[in-house]
Amino acid sequence: MTRGYSLEQDLKLLINNPKYSDLEILCEDEKKLHACRAILAARSEVFESLLYNGMKESYENQISFPKINSAGMEIVLEYTYTGSIKEEFLTKDNIIESFYAADYFQLPDLQDFIMKVFKNTLKKNLTENYSPELLSKFAEKMPLIEDNILLNLLVEAVAIIPLNTIEFGRLSIAGLKYLLSCTYEKEMTFSTPEYEVFRYCAILAAKRVSNDAYTTLLKRLPTLEQMQMDNSVQVKNKIITDHQNVAKELEHLVEFIDFKRIEGQILTDVIDPLEIIPSKIILNVYRDIVRLNNSNLNYIRGIPTMYVWDEKACGSNLIIEDNGKVVQAPNKCNSQQSVRGKMALNKGIFEWDVIVEKSCNYIWVGICSSENFNYKSWAGGQSTGWVLGSNGECCKIISRNYCPPFGDGTKITIHLDTNKRTCAFTVNGTKYPEVSGWNNLPSKLYPVVSLRFPGRLRIQTHKKI
C-alpha cells in the first residue's frame, strides 16, 4: 500500500520493526520486541515515567518486563501505535495476557475493548466455553480484587457451568478458589449444588497429591445423580492413604464451601469418614443442623440456574432465546407444547417468576416431573404436570377457579416448597393460597410452561422487594 493515505496503516509499519525502533522490550517469555520510546511515552503515562525518568532506563536501549508475556505486549504495541485492535487479534490464548498488560500500562480504553470482545465471545461460543481455562490464567496473573470487571465476567461465565461437567485440569486450584470466594454468600447465578462443589474441590486436590488419592476419591465421592439412582448414600469405605496431604491441598478452598447446604446424611456417611475436612468445621455444621432449621436453605448457593429453559427438554417447535431465559412459539407452533427448567428442584423452598411477554390462546405455568413427560403436549393434560392457566384455572382440582384471567405483561410468581410438597402462585402482586388439590407432589420437580403461537414467556429468579 502506498504510504501517506492512511495514518493507521503507516503507523503499523513501525510496530516491532527494528529499523524504526530505539528500544528493545524483553518479555516474560524472553522474547524481544522492538519499539519507539517516544511513541510509547506519548501514549502511556506508565511508559513515560519508565522511559523518561532520568534513571538508567532513560539511556539504555533495553527495558525488561518480567511479568508481561510477549502475546500481551504485542497487543499493547498494536494499540499504542494505531489506537485500535481488531477483534480477531484477541484469542483465548492471549486475552488474559492482553488484559493484564493493558492494566499494567493503564490503558483503560484497551481494557474496555478486551472486555467487550470477551462478552461477544461468550455469546458466540456457547458450546465451546473456554472460561474455566481463562479464569485459571487470570488467577495466576492477577490478584483477587472484587471490582475487577473481567474477573467478574469470568466468574459469572464459569458459575453457570455445572462443575461436574468441567474436566479435571481445565480449572486450576487457584481459579477454583477465585470462583468460590467470589460466589460465597453472594446473590449471583450459580449452577452447582454445594455437595458437588465439595466433591470437585476434593477430587481436584487429590489429583494434585497422587493418582492413588485421585482414583480413590472418585470412588468414594459419587455424584448426586449417582446417589439418587442408587437411592442411597452408602459408599465403599476404602482408606485414603494420602488423606492428610489431600486435606492440606484443600485448606484454601474449604473456607469457601458452605457445608450447611449439604444434606446431613451425606455429611455423616460420605464426607466425615474421609478425614480430609477439619473436625471443627464438621462439628460446627452438626451444631447448626441441631440449633437451626436448615430445611429452608437451598442446596445451591446464590441464584440457582434452574431458572433457565432447557433446550433438551422442549417441544420441537418452540424456540429458546436470550441465553435460555425466553421461550417463544413461532407461527408453525399451532398447538400447545411445553418446556421445562434446566435443573431439578428438590429439598428446599424455591420461588421464580414467569413474565408473559406475549399471550396466546391459553398459557400454562407451573411445575412438572421429568418422568413420562411429553414436551410436545400440554403439561396440564399429563399426570406429571401441575399448571395454572391464563384463564385463571388450575388443572387437577375439583374447583378450578384460582385467580382472575391474565394476559400480556402479567408476572406470575411460583412458590414451591418441596419439603411440604406444596405449590402456590402470586399473579400481578396478589398472592393466592396453596393449591389444595395438589397434594403430595413429587420431591423432584422442574419449572414448566405450555404455550402456542404467538406466545412468548420469560423465566427469571424471583427477587423479593
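Described below are features of the structure shown in this document.

How each quantity is defined
- Residues numbered from 1 in each chain as written.
- Predicted model: local features only at pLDDT ≥ 70, side-chain atom pairs only at ≥ 80, totals over all residues.
- Heavy atoms only, no water.
- Helix = DSSP H or I, 4+ residues; strand = E, 2+ residues; numbered from the N terminus.
- Buried < 20%, exposed > 50% of the residue type's maximum accessible area, 1.4 Å probe, protein only.
- Contact = heavy atoms within 4.5 Å.
- Areas by Shrake-Rupley, 256 points an atom, 1.4 Å probe, with all protein chains shown as cover.
- Lys, Arg positive; Asp, Glu negative; His and termini not counted.
- Charge placed at Lys NZ, Arg CZ, Asp CG, Glu CD.
- Core = buried A, V, L, I, M, F, W, Y, C linked by side-chain atoms within 4.5 Å.
- Pairing = 2+ DSSP bridges.

As for the overall build of the protein chain
Consideration 1: When helices and strands are tallied, the protein chain shows 15 helices and 17 strands.
Consideration 2: Once the C-alpha set of the protein chain is aligned to its principal axes, its extents read approximately 90 × 60 × 35 Å.
Consideration 3: Counting only residues that meet the buried cut, the protein chain has 49% of its 465 residues in that class.
Consideration 4: A separation threshold of at least 6 residues defines the contact pool for the protein chain, and within that pool the share at least 24 residues apart is 67%.
Consideration 5: Surface accessibility of the protein chain: about 23,000 Å² in total, with carbon and sulfur atoms responsible for 49%.
Consideration 6: Averaged over its 54 positive side-chain charges, the protein chain has a centre that lies 5 Å from the centre of its 56 negative ones.

Some words on the nonpolar core
Note on soluble globular proteins: their nonpolar side chains tend to be buried together.
Consideration 1: Within the largest apolar cluster, 148 residues are counted, with the highest numbers of intra-cluster contacts made by I25 and F198.
Consideration 2: With ten residues, helix 10 (residues 194-209) is the largest single contributor of residues to this core.
Consideration 3: Aside from chain neighbours lying at most four places away, what touches I25 is K31, K32, L33, A35, L40, I63, F65, M73 and L77.

Describing the sheet that holds strand 8 (residues 326-328)
Consideration 1: Read from one edge to the other, the open sheet built from seven strands follows the order 7-8-17-10-13-14-15, with strand pairing classed as antiparallel. A single partner strand is all that each edge strand has here, and the edge strands are strand 7 (319-321) and strand 15 (430-431).
Consideration 2: In this sheet, strand 14 (residues 422-427) lies alongside strand 13 (residues 411-417) in antiparallel orientation, the contact comprising six bridges. Residue pairing in the sheet places I412 in a bridge with V427 of strand 14.

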